[in-house]
Amino acid sequence: QRKNYKKDIDEKQQAVDTAETYLSNAKMGGKPEKIAKSQAKLDEAKANLANSQQNLDEFNKSKVKKSGENVKTAQANVTKAEAELKKAKASGNKEQIAKAKANLNKANNELKQAKADHANNKAVGNVDSAKSKVETAKNELRSAKANGDPVEIAKAQANLDSARQGLAVANKGMNKVNFDNKVSE
């Protein structure tokens, strides 16, 4: 069975593209739901701070101490929520980036292998085809010699020489593919 290398290469390219997208997303920050939750906490903490600050202004002196504590608590909650939001935006980035890079490297390696397999298969096909042409030309030369027609013999010999040159070119191409594959390993 002949493998569909074009389809295989396209699939590997798509995997590379997906891995690159994943890496890009990983570099942008944490999970959206975690960021949204932290943002909501921050918004709530800011609202509580605003309420506490308003209450501080409205309270009389006897309640100033309590309101001041509420403001401090609310300010601490805002600070904590801001830290949680910052952490949520950055959380997992290193792990996500490392995973995304590993997936990208894997996808690139699979694409490279698919391209190498395709080039190798094409080179093997070229060599096989050239060998077949040499055999056909040899048979034609035998037949021409058996008939004894000098014009046909000359023509068959020229065809054999041409087929052998084609085989040499195909073998050279196969050697180049093998060399390129070894160099890229």
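Residues numbered from 1 in each chain as written. Predicted model: local features only at pLDDT ≥ 70, side-chain atom pairs only at ≥ 80, totals over all residues. Heavy atoms only, no water.

Let us look at the overall build of the protein. Secondary structure assignment for the protein yields five helices and zero strands. In the protein, the order of α-helices and β-strands from amino to carboxyl end is α-α-α-α-α. Relative to its 185 residues, the protein shows a buried fraction of 25%. Here the contacts in the protein between residues at least 6 apart in sequence split such that 80% fall between residues at least 24 apart. (Helix = DSSP H or I, 4+ residues; strand = E, 2+ residues; numbered from the N terminus. Buried < 20%, exposed > 50% of the residue type's maximum accessible area, 1.4 Å probe, protein only. Contact = heavy atoms within 4.5 Å.)

Another point: the environment of E44. Structurally, E44 is set in helix α2 (residues 32–58). Once the C-alpha coordinates of E44 and A81 are considered, the two residues, 37 residues apart in sequence, prove to be 9.0 Å apart.

Looking now at the confidence of the model for the protein. On average, residues of the protein score 76 in pLDDT, and 72% of them reach the 70 mark or higher. Averaged pLDDT values for the elements of the protein fall to 63 in helix α3 (residues 61–90) and rise to 89 in helix α5 (residues 150–184). Within the model, the stretch residues 60–64 combines pLDDT values under 50 with one contact to residues more than four positions away or in other chains. (pLDDT = per-residue confidence, 0-100.)

Formed by 14 residues in total, the largest nonpolar core has its most connected members in V127, V134, L160 and L167. Looking at this core, the elements with two or more residues in it are α4 (93–147) and α5. Non-local contacts of V127, meaning those with residues more than four positions away in its chain, are made with L167, A170, N171 and M174. (Core = buried A, V, L, I, M, F, W, Y, C linked by side-chain atoms within 4.5 Å.)

Our next topic: the environment of Q113. Following the sequence through the fold, Q113 ends up in helix α4. Judged by relative accessible area, Q113 falls into the partly exposed class, the value being 45%. Considering only alpha carbons, one finds Q113 and K12, 101 residues apart in sequence, at a separation of 9.2 Å.

Okay, the environment of K94 next. Following the sequence through the fold, K94 ends up in helix α4. Its relative accessible area of 76% is what places K94 among the exposed residues. For K94 and K27, which are 67 residues apart along the polypeptide, the C-alpha to C-alpha distance reads 8.3 Å.

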